[in-house]
Structures are given as C-alpha cells and as structure tokens.
Amino acid sequence: MARNRENSRALYDRALSVMPAGVNSSVRATQPYPTFVRSGDGAHVIDHDGNRYLDYVMGYGPLLLGHDMPESVAAAVQRAASEGPMYGAPTEVEVDLAEFVVRHVPSVEMIRFVNSGTEATVSAVRLARGHTGRNKIVVMQGGYHGAQESTLVEGDAEHPRPSTSGIPQSFAEHTLPVPFNDEEALREVFERHGDDIACVLTEPILGNSGIVMPEEGYHEAIRETCDEYGALYVLDEVITGFRVGGLGCAQGKFGVTPDVTTFGKIVGGGFPVGAIGGRSEIIEQFSPSGDVFQSGTFSGHPVTMAAGLATLEFCAENDVYDHVNALGERLREGLTDIVADRAPEYTVVGTDSMFKVVFGRANTGPQSDCCSAGCRQDPTCERSPDCPKTGADVADGETQRWDRLFRPFMEEQGILLPANQMESQFVS
Ligand code: PMP
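Keep in mind the model is a prediction, meaning the values are calculated, not measured.

### So, the overall build of the protein
Next, step 1: The number of helices and strands found in the protein is 13 helices and 16 strands.
Next, step 2: On C-alpha atoms alone, the protein measures out to a radius of gyration of 21 Å, which is about the 22 Å that the 2.2 N^0.38 rule sets for 428 residues.
Next, step 3: C-alpha extents for the protein along the principal axes are approximately 60 × 60 × 45 Å.
Next, step 4: Looking at the protein as a whole, 46% of its 428 residues are labelled buried.
Next, step 5: For the protein, long-range pairs separated by at least 24 residues make up 70% of all intrachain contacts whose partners lie at least 6 apart in sequence.

### Observations concerning the site of the ligand
Next, step 1: Close contacts around the ligand come from 15 residues, with Ser116, Gly117, Thr118, Gly146 and Val238 the closest.
Next, step 2: Among the elements that make up the shell around the ligand, the one with the highest residue count is helix H4 (residues 117–132) (three residues).
Next, step 3: Its residues assigned to classes, the shell around the ligand comprises four nonpolar, nine polar and two charged.

### Quick look at the environment of Cys199
Next, step 1: With respect to the helices and strands, the residue Cys199 is situated in strand E9 (residues 197–202).
Next, step 2: Along the primary structure Cys199 and Tyr233 are separated by 34 residues, whereas in three dimensions their C-alpha atoms are 5.6 Å apart.
Next, step 3: Leave out the neighbours within four places in its chain, and Cys199 touches Ala128, Ile137, Ala231, Leu232, Tyr233 and Val234.

### What to know about the domain arrangement of the protein
Next, step 1: When its domains are assigned, the protein resolves into domain 1 (71–317) and domain 2 (320–397).
Next, step 2: Domain 1 and domain 2 are separated by 26 Å when their C-alpha centres are compared.
Next, step 3: The partner domain 2 presents 21 residues to the 22 residues of domain 1 that form the contact.
Next, step 4: Across the side of domain 1 that touches domain 2, the residue classes break down as eleven nonpolar, eight polar and three charged.

### What about the packing of helix H3 (residues 92–104) against helix H10 (residues 302–317)?
Next, step 1: Between H3 and H10, whose axes approach to 9 Å, the crossing angle comes to 35°. Note that H3 runs across H10; the crossing there is left-handed. Along the contact surface, H3 presents Val93, Glu94, Asp96, Leu97 and Phe100, while H10 presents Pro302, Met305, Ala306, Gly308, Leu309 and Leu312.
Next, step 2: Here the residues of the contact of H3 with H10 are counted per class, giving eight nonpolar, one polar and two charged.

### So, the sheet that holds strand E16 (residues 425–426)
Next, step 1: Spatially, the three strands line up as an open sheet ordered E13-E14-E16, and their pairing is antiparallel. Across the chains shown, the open sheet's two edge strands, defined by having one partner strand only, are strand E13 (347–351) and E16.

### Describing the UniProt feature "modified residue: N6-(pyridoxal phosphate)lysine" (unreviewed entry) in the protein
Next, step 1: UniProt feature "modified residue: N6-(pyridoxal phosphate)lysine" (unreviewed entry): in the numbering of this structure it lies at Lys265.
Next, step 2: Taking the number of C-beta atoms within 10 Å as the measure of exposure, Lys265 has 28 and is therefore buried.
Next, step 3: Dropping the residues within four chain positions of it, Lys265 is found in contact with Gly61, Pro62, Gly117, Val238 and Ile239.

### A closer look at helix H6 (residues 183–193)
Working note: α-helix, 3.6 residues per turn, so residues spaced by three or four point in the same direction.
Next, step 1: Of all the positions in H6, only Ala185, Leu186, Val189 and Phe190 are classed as buried. Buried residues along H6 cover an arc of 135° about the axis, so they all sit on one side. The exposed set on the far side of H6, more than 90 degrees from its buried face, consists of Glu184 and Glu191.
Next, step 2: In this structure, the buried side of H6 is in contact with strand E5 (136–140), strand E8 (175–178), E9 and helix H7 (218–229).

### Focus: helix H11 (residues 320–342)
Next, step 1: With 23 residues, H11 should reach 33 Å at 1.5 Å per residue; the first-to-last C-alpha distance of 33 Å fits that figure.
Next, step 2: Among the residues of H11, those classed as buried are Val320, Tyr321, Val324, Asn325, Gly328 and Arg332.
Next, step 3: Where H11 is buried, its residues meet H10, E13 and strand E14 (354–358).

### Examining the nonpolar core
Next, step 1: Within the largest apolar cluster, 101 residues are counted, with the highest numbers of intra-cluster contacts made by Ala128, Cys199, Val234 and Ala306.
Next, step 2: Counting residues per element, this core draws most heavily on H10, at eight residues.
Next, step 3: Two domains each donate at least three residues to this core, and these are domain 1 (71–317) and domain 2 (320–397).
Next, step 4: Apart from residues no more than four positions distant in its own chain, Val234 is found in contact with Ala124, Ala128, Cys199, Val200, Leu201, Pro258, Asp259, Val260 and Thr262.

### As for the sheet that holds strand E15 (residues 415–416)
Next, step 1: Within the open sheet, the four strands sit side by side as E1-E2-E3-E15. Their pairing is mixed. Bordering the open sheet on either side are strand E1 (37–41) and E15, each of which pairs with just one other strand.
Next, step 2: Pairing of strand E3 (residues 52–55) with E15 involves two bridges; the strand directions are parallel. Its bridge partner being in E15, Asp55 is matched across the sheet by Leu416.

### Notes on the packing of helix H2 (residues 71–82) against H10
Next, step 1: One can describe the packing of H2 onto H10 by two numbers: an axis separation of 8 Å at closest approach and a directional angle of 165°. By the angle between their directions, the pair H2 and H10 is classed as roughly antiparallel. Crossing of H2 over H10 shows right-handed handedness. Of the residues in H10, those touching H2 at Ser72, Val73, Ala76, Val77, Arg79, Ala80 and Ala81 are Pro302, Val303, Ala306, Ala307, Ala310, Thr311 and Phe314.
Next, step 2: Class assignment for the residues of the contact of H2 with H10 results in eleven nonpolar, two polar and one charged.

What counts as what
Residues numbered from 1 in each chain as written. Predicted model: local features only at pLDDT ≥ 70, side-chain atom pairs only at ≥ 80, totals over all residues. Helix = DSSP H or I, 4+ residues; strand = E, 2+ residues; numbered from the N terminus. Rg over C-alpha atoms; globule rule 2.2 N^0.38 Å. Buried ≥ 20, exposed ≤ 12 C-beta atoms within 10 Å, placed from the backbone. Contact = placed C-beta atoms within 7 Å. Near = placed C-beta within 6 Å. Nonpolar A, V, L, I, M, F, W, Y, C, P; charged D, E, K, R; others polar. Domains from an automatic or database assignment. Axes fitted to C-alpha atoms, helices over the stretch in contact; angles between N-to-C directions. Left-handed = near helix turned anticlockwise from the far one by under 90°. Pairing = 2+ DSSP bridges. UniProt positions renumbered as here; feature names shortened; annotations may be inferred. Arc of directions from axis to C-beta. Expected span 1.5 Å × (residues − 1). Core = buried A, V, L, I, M, F, W, Y, C linked by C-beta atoms within 7 Å. Parallel < 35°, antiparallel > 145°, perpendicular 65-115°, else oblique.

Printed below as a string of structure tokens:
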C-alpha cells in the first residue's frame, strides 16, 4: 500500500502560494510534491506523516555524521547559541577553526569564512581575477560551483553562453567551459586564451554530474598548465572537503596542491558556511589587507564555527573516515554486484562516502583506457572501464530513468535519494 503522505502534500500546497515552486532551493521541488521532513534520526529522516526514510541525501553533503550531532557538537552549538547568536566582531572560535583547517590542509595557509559554497566560489573567482589582473576563467562542462554569474555558463570555450536567464551574454564570454579529464582541451584553451586566464576552477571529482572521478594525472596537468601560464588553480572542495581523503581533503588523496581551495558543507557542521583558503600571499589580497573586496555580516558566524570545529575535532578523534568509507565501499560493491547481474548497462560510481548509480552510455561507446584492465573485478579500483569520464557522459545518458525508477520506487520503499541523476549521494 502506498505510504500516506497527505501532510507533505498539504504543506506543499501552502508553500506553493508563498514560495516559488514551494521551495527555497531548486533541487527540493520533487514531484508530484516534496517530502517535508520533520526531523532527523541517525541515518534516517522522518516526514510530516510519520514515515521513516533511510536518507542518502544527507543535506546534499554537510551531514558526514548523519542527523545526530555527537554530544560534543551539540554542546558546542548550544553554548555558542546561548551566548548570543552573533556579534559582528571577531571571536575566538573563528581563529580555532581557521587554525584547524590550516593544520590539516597543507595548501591552506590562510582562510576566510563566508556563508555558503556559492559565496566561496564567487569570492575565489574575484580573488583570482584581482590577483592576476585577468578576466577569463576556465571551468569544467558539467561542473557546479553554486548559483553564481561567472559559472552558470554552458557551451564550450569558443561559444560560452549563460545556462540560465538573468545573466548577460557579456558575463558568459569571460567563462571558458572545457570537458573534464581532457588534457588536450585544457592545453588548447590556454594556447588560445592563456594571457587572459585568471584561473582554472574545478571540483576534484565532478559531484554534480553524477560522480565523475578524475583520471590519473589530470589534476597534475591542470597544476602544470596553470603554472606555465601564471593562472591560479582553484579547487572547489565544497562537496569533497573533509569528506573525500579525510581531513586532508580530496587534494591530499590525489596528491595535488591548488593555489586556492573553496570549502563549504562539512566545515560548518551542518550550518550555513563557505570558506576560501590558500597561500597567504593570495588570500591576503582580500580586503582589508588587500584590494579585492570581500565582506559579510554573518561570515564566521559563531554557531557555525563552533559546529564546524566540534565536528572536525570529532572526526580527528574518532575513526569516522575509516568507518564511513568502509560503509561506502560495501554499498558500492553490493550495488555493483546487483547491477552486473540485473542491469549491466548501469554503472556504480563514487569513492569514500560518495556513491551513485548512473544510467550513462556505458557499454555503448569505446571503453575508456584510464584503467589497465578488468578493474570491474578489482573492488579497490575506483574506475571501472564503464565509468563516465566527462559530465556529458552522464548528462547524455538515460537520465530520465531516474524519475521512472528511483523517485516513486525508492521513496515508496523508504529510501530517500536526491531528485535527479546529477546530485551525488552520501552515506553517513
Ligand atoms: N561548489 C560545489 C562543488 C557544490 O557542490 C555546491 C553545492 N552543492 C556549491 C559549490 C554551492 O554551495 P552552496 O549550495 O552552499 O552555495
């Protein structure tokens, strides 16, 4: 029997009258109506009709520890909130969290905290432009860096165009999208525009086009190309930061050193956050020490900083990453077996605590040569011959299967997944 979800439907009706599409973030407007969550409980959420779901959305990334705050985190949050919500003056906990990040992420010597991943990437792009005196930025097709003017751009480097209305074509012209994992395309764009390129802005793993892993050597190629042309290498670790590669982040796992890193999600312990970190000489160009304006009423919010610090300290003191990554691996292996048996045209992708099943063009095109051989048999290999290489490999697949199978089917089984093929999923 179908679950009773009348209260969600009624809330959606109310929401539709007062909020566009009834939501405050586009991805939440799932059809025919969203599941309105009342509370969280460990790896589960409970909706307004009392239905319980195993949650793999996990807030779209911030909730590494699931929905229950460890005692130390809850106490830190309550203490910070009870002392007054915020001040507009510096506080000790900002220094503590900054020191923690600097201690664990070698490329980060200084950091500025902001309020969202979007704000972090907006500021990072402004910083790269200010630092280099150049206007253009290189991004990955299928990459995502939040709701910002410079990166909501599609097409290719010769024909970039805004991916949404409300952005002038003249803005999009400064953004050069290239395919992920394509060293040749990267070199070409630098050969043509190198003197005008302020930065390459990329996620270490595409986390908003299913999940696309970098091929061996790709990030090194970005690093080298940026060095050659005097552009900054800006790594967007909003999803991967303090998730993939543990406290050293994805850059530690892949052994690359960006000039600037953007953070969000986990570093705020479940509260609104973003951050821009990197070499001191670059980060100090933010105002007022430098001339790249950057400011924010809520930046370094004491409750967020307390939650972020207590969360990361909990991770440092407990075997959080071993545990959650083992769960991720077990889930990916199980899914891989099922898919191989029942639907070999699907591909299970992911690493650490990230996973997704993509309905890509697997088995239909030439197999990628990124992997020596037969790594489907090797569970430690994170790239099967069918793994997507670019955002387009996922986007051009049968993404509509997601709506047909997963929304009505999985949710009815009590499993909450993101609403589309593109958003990454997380174990906690
Ligand atoms: N960068 C990446 C890689 C992201 O995945 C996201 C959001 N999922 C953002 C930036 C934007 O972060 P926010 O939604 O906090 O603005």
